[in-house]
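The residues making up each chain are set out below.
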Amino acid sequence: MKSAVETLNPTRVRLTVEVPFEELKDSLDAAYKKINQQVTVKGFRKGKIPARVIDQRFGRGAVLEEAVNDALPKFYTDAVNNAELNVLGQPEVDITELKDGETLNFTAEVDIRPAIEIPDYSGIEVEVDAVEVSEEDVDKAVEELRERFASTTPVERAAEDGDVVTIDLEAKVDGEVLEDGVANGVSYTIGSGELLEGIDDAVKGLEAGGEATFTSELKGGSAAGKEAEVSVKVTQVAARELPELDDDFAQLASEFDTLEELRTDSRKRLENMKQYDQATQAQERVLEKLLELVEVPVPEKLLEDEINTRKHNLEHHQLGQMGLDLPQYLEIQGKTAEEFDTETREAAVKGIKTQFVLDELVNKEKLNVNQEELTEHLMRRAASSGMSPDQFAQAVVEGGQVPMLVGEVARGKALAVVVEAATVKDTNGEIVDLDDEEDEAESAAAEGTEAADASAEASEEKPEA
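For clarity, every value in this text was computed on a predicted model and none was experimentally measured.

Calculation criteria
- Residues numbered from 1 in each chain as written.
- Predicted model: local features only at pLDDT ≥ 70, side-chain atom pairs only at ≥ 80, totals over all residues.
- Heavy atoms only, no water.
- Salt bridge = Lys/Arg side-chain N within 4 Å of Asp/Glu carboxyl O.
- Helix = DSSP H or I, 4+ residues; strand = E, 2+ residues; numbered from the N terminus.
- Buried < 20%, exposed > 50% of the residue type's maximum accessible area, 1.4 Å probe, protein only.
- UniProt positions renumbered as here; feature names shortened; annotations may be inferred.
- pLDDT = per-residue confidence, 0-100.
- Contact = heavy atoms within 4.5 Å.
- Pairing = 2+ DSSP bridges.
- Patch = residues over 30% accessible without salt bridge, like charges linked within 9 Å, V, L, I, M, F, W, Y side chains within 5 Å.
- Areas by Shrake-Rupley, 256 points an atom, 1.4 Å probe, with all protein chains shown as cover.
- Axes fitted to C-alpha atoms, helices over the stretch in contact; angles between N-to-C directions.
- Polar contact = N/O pair within 3.5 Å; in protein donor to acceptor, adjacent residues only side chain to side chain.
- Core = buried A, V, L, I, M, F, W, Y, C linked by side-chain atoms within 4.5 Å.
- Expected span 1.5 Å × (residues − 1).

## A few points about the pattern of salt bridges
Inference 1: In this structure the tally under the stated criterion is 31 salt bridges.
Inference 2: Two residues, Arg-12 and Asp-111, come together in a salt bridge whose shortest N-O distance is 3.0 Å. Residue Arg-12 is located in strand E2 (residues 12-20), and its partner Asp-111 is located in strand E4 (residues 103-112); the two are separated by 99 residues in the primary sequence.
Inference 3: On the accessibility criterion, Arg-12 (16% relative accessible area) is buried.
Inference 4: We classify Asp-111 as buried; its relative accessible area is 8%.
Inference 5: Its salt-bridge partner being Lys-350, residue Glu-288 comes within 3.9 Å of it at the nearest N-O pair. Of this pair, Glu-288 sits in helix H7 (residues 259-293) while Lys-350 sits in helix H10 (residues 337-365), and the two are 62 residues apart along the sequence.

## Looking at the UniProt feature "domain: PPIase FKBP-type" (unreviewed entry) in the chain
Inference 1: UniProt records the feature "domain: PPIase FKBP-type" (unreviewed entry) at residues 162-215, using the numbering of this structure.
Inference 2: As a span, residues 162-215 carries 9% helix and 54% strand, and end to end its C-alpha atoms are 22 Å apart.

## A word on unusual backbone geometry
Inference 1: Positive phi, normally seen in glycine, also occurs at Glu-84, with a value near 55 degrees.
Inference 2: If you trace the backbone, Glu-84 turns up in the loop between helix H3 (60-83) and strand E3 (87-99).
Inference 3: We classify Glu-84 as exposed; its relative accessible area is 72%.
Inference 4: Phi at Asp-174 takes a positive value of approximately 55 degrees, unusual for a residue other than glycine.
Inference 5: Turning to its location among the elements, Asp-174 is positioned in the loop between strand E7 (164-173) and strand E8 (176-189).
Inference 6: Overall, the relative accessible area of 78% leaves Asp-174 in the exposed class.

## Some points on the confidence of the model for the chain
In low-pLDDT segments, the atomic positions of the prediction should not be examined closely.
Inference 1: Chain-level statistics for the chain give a pLDDT mean of 88 and a share of 94% at 70 or above.
Inference 2: Under a pLDDT of 50 for its full length, residues 451-465 has, in the predicted model, 50 contacts with residues more than four places off or in other chains.

## Observations concerning the pairing of E8
Inference 1: Examined bridge by bridge, E7 and E8 share eight bridges and lie antiparallel to one another. Across the sheet, Ile-167 pairs through a bridge with Val-186, a residue of E8.
Inference 2: Turn length for the E7-E8 hairpin, with the two strands adjacent in sequence and antiparallel, is two residues, and the turn residue Asp-174 shows positive phi of about 55 degrees.

## Digging into a nonpolar patch on the surface
Inference 1: A contiguous nonpolar patch, built from Val-397, Val-402 and Val-406 and spanning about 210 Å² of accessible area, is present on the exposed surface.
Inference 2: Mapped onto the secondary structure, Val-402 falls in helix H13 (residues 402-421).

## A look at the sheet that holds E3
Inference 1: The four strands are arranged E1-E2-E4-E3 in an open sheet whose pairing can be described as antiparallel. Of all the strands in the sheet, the pair left with one neighbour each is strand E1 (2-9) and E3. Along the sheet, successive strands turn relative to each other by an average axial angle of 20 degrees, direction set aside.
Inference 2: Note that E1 and E2 share seven bridges and pair antiparallel. Residue pairing for E2: Ala-4 is matched across the bridge by Thr-16.
Inference 3: Lying over the sheet, H3 contacts E1, E2, E3 and E4, oriented at roughly 125 degrees with respect to E3.

## Points about the side chain of Asp-359
Inference 1: Mapping Asp-359 onto the fold places it in helix H10.
Inference 2: A distance of 2.5 Å separates a polar atom in the side chain of Asp-359 from a polar atom in the side chain of Arg-411.
Inference 3: When neighbours within four sequence positions are excluded, Asp-359 is seen to be in contact with Arg-113 and Arg-411.

## Side note on the nonpolar core
Inference 1: Counting 36 residues, the largest nonpolar core has Ile-124, Leu-290 and Leu-361 as its most contacted members.
Inference 2: Residue assignment for this core shows that the elements contributing at least two residues are strand E5 (125-128), H7, helix H8 (300-322), H10 and H13.
Inference 3: Counting residues per element, this core draws most heavily on H10, at seven residues.
Inference 4: Not counting chain neighbours up to four residues away, the residues in contact with Leu-361 comprise Ile-118, Tyr-121, Leu-290, Lys-366, Ala-414 and Val-418.
Inference 5: Counting residues in each nonpolar core, the second largest holds 33 residues, with Val-19, Val-63, Leu-72 and Val-87 among its members.

## Here's the deal with H10
Inference 1: The first and last C-alpha atoms of H10 sit 42 Å apart over 29 residues, in line with the 42 Å expected at 1.5 Å per residue.
Inference 2: Positive phi shows up at Lys-366, right after H10, with a value of about 55 degrees.

## Section: the pairing of strand E10 (residues 227-241)
Inference 1: Bridge analysis of strand E6 (residues 151-154) against E10 gives four bridges, and the strand direction is antiparallel. By the bridge assignment for E10, Ser-151 is matched with Glu-241.
Inference 2: One ladder, built from nine bridges, connects E7 with E10; its direction is antiparallel. When the bridges of E10 are listed, Val-164 appears paired with Ala-238.
Inference 3: Two strands pair when backbone bridges link them, and strand E9 (residues 211-217) and E10 are joined in this way by seven bridges, in the antiparallel orientation.

Structure below.
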């Protein structure tokens, strides 16, 4: 077999392959054997029909077609390996010449990973938010905890701001009650903004048994985004009572004996959260700087597949669970279809470029993934998917997705290497030492590269004639 490679553009090549006919012998034998098992010819036992009889009765062309379809994947793979190509997706194969007893010639056009040069990234500098926790931040955290321990007491008076009302709701659109527009016994805190716009004004001033009607745009359900006439009936008014902020509250709401200990712990928790956010911010901004330094051509077919995958996941998974379709979602977001398409394309391009660059870094830095790192990543992915680690691991193995998870971890490690080499300063001009947050940054990097994995993962697929 002889093969040659023609570069069509930085992300696509054409392979020209010439196969001497004798190299088709095994596939021809297999084709005759397969046809033998499928057909019946009078006078011959099944499976014992001579090749010449098959040629006469069913045509030599049928045998050649079967043999070529069987042999093409191997010849294509051999040509790819000989040229040391890193191919993406399925090739477009065209048989240019097939002469019985002489030769098989074909071409295969396929996308490839572009050659990427990673420049010196040690000069990257980024700025991140400073880790600062004010007394007001601590006050807010403690107050939120206090809110969770609030008690309610039914009262016989009109509802006021901060009260908890129990209400029945009925929503109509164009005079018709929606199938999913009736809800009874709903508990709502006036002023929380957790339900429909306009409901606060409707229920304030009502006592138990009072009713009101107001107009509001529905946030979800079958008529999301539409104006509805909403009837509300108050069945109970309850006043909320917050516990006193003292040592008794600290003992009630935490493992601490004093309010001061509780506040100290709240401050530490807030600092940890902001340090994690800072590490994630550093990772995101370093990645943006890195992508600016590298020229990364993107295969058009791969980009098209990635865009379609993102749209499909949004429409059929995320929005479907919310009872929305794409037009309703765009209306709620205040975006046009053109703006949505542009944003989706930009996100897809960034996702693919990110994977290409980080994969090249993995090779350049010779990074490996050990079992402990893979297990930790699997545990995080399982938690985010709502599955147990055992269930998630089984699904990953059965779906052949172990290499994908390994790639995610490796890319996370690659980005962590770049973050470590970069200069990170906070908004106060202080150098940020991310050593303590290295694991978190690496984890965030791994999770941040998942979006493009499904469509951008390199694969050598069998071609069909």
